[in-house]
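Spelled out from the first residue to the last, the chains are:
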Amino acid sequence: MQEHDQGGSASSSRRPVSRAILAIALCASTAPALHGACVGPLQLQARIRSHPGADTYVALGTWYAGQHNFDCANQAFAAGLKLEPASGRLAYLLGLSLYSGGHADQALPVLQRAVQLAPEMLEAHLLLASDLDVLQRQRDALTEWQAAVKIDPKSEAALDGLSKSLIRQGDYASVIANLKPFPHNQDLTLDLALAYGKMGMLEGAASVLEQALKFAPGSLRLTKALVTVMVQQTRTQDALRLAARSAQLHPADPGAQALYARVLIQNGEYETARPIARKLLAASPHSFDALYLNGVLERQAGEYGVARSHLEEAVALNPGDYNVHYNLGMTLVKLQEPAAARKQFERVLALGATDAEVHFDLASVLRSLGETQQAAEQLKIYQEALKDKANRTEVAGKAAEAAQELASGDAQRAASLYKEAAAASPDDAQLGYKLAMALDKAGDLAAERSELERVVKLDPTMAVAQNQLGYLESRSGDTGAAEEHFRAALAAAPGYTQAWVSLAATLGMESRFAEAQQALASALRLDPQNAQAHDLARALNAAQAHK
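What this report covers is the structure whose coordinates are included nearby. Just so it is clear, the structure is predicted and the values come from calculations on it, not from any experiment. (Residues numbered from 1 in each chain as written. Predicted model: local features only at pLDDT ≥ 70, side-chain atom pairs only at ≥ 80, totals over all residues. Heavy atoms only, no water.)

1. Some words on the overall build of the protein chain
Then step 1. Helix and strand content of the protein chain: 31 helices and zero strands.
Then step 2. Radius of gyration (C-alpha) of the protein chain: 31 Å, far over the 24 Å computed for a compact globule of 547 residues.
Then step 3. Overall, the protein chain is about 95 × 85 × 50 Å in size when its C-alpha atoms are taken along their principal axes.
Then step 4. Within the protein chain, contacts between residues at least 6 apart in sequence are counted, and of these 47% link residues at least 24 apart.
Then step 5. Surface accessibility of the protein chain: about 27800 Å² in total, with carbon and sulfur atoms responsible for 53%.
Then step 6. When the 51 basic and 60 acidic side-chain charges of the protein chain are each reduced to a single mean position, those positions are 4 Å apart. (Helix = DSSP H or I, 4+ residues; strand = E, 2+ residues; numbered from the N terminus. Rg over C-alpha atoms; globule rule 2.2 N^0.38 Å. Contact = heavy atoms within 4.5 Å. Areas by Shrake-Rupley, 256 points an atom, 1.4 Å probe, with all protein chains shown as cover. Lys, Arg positive; Asp, Glu negative; His and termini not counted. Charge placed at Lys NZ, Arg CZ, Asp CG, Glu CD.)

What follows is the structure, encoded as structure tokens:
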């Protein structure tokens, strides 16, 4: 890009004005001008001078955007929008340029104008939703993601954005309800697995990921997610086999190799992990994964000095990872630096670690520093955490066995195992819900109702439990109680399509057709292709016609 002298000399100022300069001045008097150092391709500049239409400014703005010169792109799109102020497309392009240039706040009113001018433009709703997310306006963003899904119910970008927005707001039930029909997209699969995981339904998360890997066996993202779930399920050998296969499929991918090394370390196979970690460090000496893995292995081998160096650099790169803080703390203990170790262990707890061992290690450090009272407090927490961990391990084992029995068709045995697990962990609402579903399959509706009532007392916001309890009330003929539970489900999860359909059916049974139609409209806005909703719509129309 050339620099132009804006001053000039006294002699040059007296030169005759050329025809070309006169032509440029004439065009500038009728067309919006670009300011500053915005000089585009000669051909487009010539078109601006001769035919200063909106299309030409779009072409120029697109060229600038392609050069990542968003300031000049903004000027070009704004000039085009000045010529065609009713163009939703131009408003969208200006908003996109502002957003891409890091000006989310300035992009907001422009994108809001774009969706007003072109309400059916999917791209405008998608970008406005993303912009609102960046500005932390989550509820407004959710509305735009829903609008995008309504325009195109099969848009993967819209469904992904909607799912992530619902997950951020804790509405996991709606994500599961909305995404079950979409198993073959990796982003949506990961959203669905995450929602299952957040609800404590690890079996569901594992099942979704295992199914997806059949269609994309080489996917590192799916593999990493499934390995994480398997570790949470204590399926350590399954996790190791899967990570090893991924490493074989991707021998040059540092992410696949690091994943394999991590699982090897978790399984105590240090000697197998060591050459992998060293190779990663040689290739990327300042990579977090390489530094962390080598630091852990060096600590395990007693090489505390070099372990400290690697772990300190890893902490600087990723201070939010409590595992690296813990390993650095343990290294500092061996280097007889208890004060520094204490800071690391306290940081581990501040980051949300729940491992009992952290409290034990912190107690040991505090004792060496002479702080006996604080050490005793940490030791007490450790002992309580150990009991809780043993209990959770027992509960998880029974729940896993119950899930296997349910999958094999033995609902009675599954219900019995879930009942034992729930008795050992009576405050676990998710476990209670699983017991209720097993009782449902076993045909014990009275026990199912009792368990669901207990669950919603523990967690009134559990939408799936409220919905199921509403279904049972509806089956027994108590439509008033059913409506109450369906509305409670929707208060907790406004995007829960099945609950809207159930509410509409209940209202229809009470001949409250206008309210039923409103509920049904909400269901169809969320899922325009929902077959059950369409069947109910026909039934409601027929019932109203015979009223």
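2. Let's talk about helix 8 (residues 122-134)
Then step 1. With 13 residues, helix 8 ought to run about 18 Å at 1.5 Å a step, and its terminal C-alpha atoms sit 19 Å apart, in line with that.
Then step 2. Taken across its 13 residues, helix 8 has ten buried, putting it largely inside the fold.
Then step 3. Turning to helix 8, its buried residues number three or more, namely L122, A124, H125, L126, L127, L128, A129, D131, L132 and D133.
Then step 4. Here the buried face of helix 8 lies against helix 6 (88-100), helix 7 (104-117), helix 9 (138-151) and helix 10 (156-168).
Then step 5. With its phi angle positive at about 65 degrees, Q136 sits one or two positions after the end of helix 8. (Expected span 1.5 Å × (residues − 1). Buried < 20%, exposed > 50% of the residue type's maximum accessible area, 1.4 Å probe, protein only.)

3. Description of the pattern of salt bridges
Then step 1. Scanning the entire structure with this criterion turns up 26 salt bridges.
Then step 2. Where D187 meets R221, a salt bridge forms, and the shortest distance between an N and an O atom there is 2.5 Å. Here the residue D187 occupies a position in helix 12 (residues 186-198), and R221 occupies one in helix 14 (residues 220-232), the gap between them amounting to 34 residues.
Then step 3. The class for R221 is partly exposed, based on a relative accessible area of 44%.
Then step 4. Across the salt bridge formed by R342 and E371, the nearest N and O atoms sit 2.6 Å from each other. (Salt bridge = Lys/Arg side-chain N within 4 Å of Asp/Glu carboxyl O.)

4. What about the packing of helix 6 against helix 8?
Then step 1. Where helix 6 meets helix 8, the closest approach of the two axes is 10 Å, and the angle between their N-to-C directions is 30 degrees. Between helix 6 and helix 8 lies a crossing of left-handed hand. Taking contact as the criterion, the partners of R89, Y92, G95, L96 and Y99 in helix 6 are, on helix 8, E123, A124, L127, S130, D131 and V134. (Axes fitted to C-alpha atoms, helices over the stretch in contact; angles between N-to-C directions. Left-handed = near helix turned anticlockwise from the far one by under 90°.)

5. A look at the side chain of N74
Then step 1. By secondary structure assignment, the location of N74 is in helix 5 (residues 70-83).
Then step 2. Its relative accessible area of 11% is what places N74 among the buried residues.
Then step 3. A distance of 2.5 Å separates a polar atom in the side chain of N74 from a polar atom in the side chain of S97.
Then step 4. Once residues within four sequence positions are removed from consideration, N74 is found in contact with L94, S97 and L98. (Polar contact = N/O pair within 3.5 Å; in protein donor to acceptor, adjacent residues only side chain to side chain.)

6. Some words on unusual backbone geometry
Then step 1. Positive phi, normally seen in glycine, also occurs at T234, with a value near 60 degrees.
Then step 2. Relative to the elements of secondary structure, T234 occurs in the loop between helix 14 and helix 15 (236-249).
Then step 3. According to the relative accessible area criterion, T234 is exposed, its value standing at 63%.

Functional significance is not addressed by these values, which are geometric in nature.
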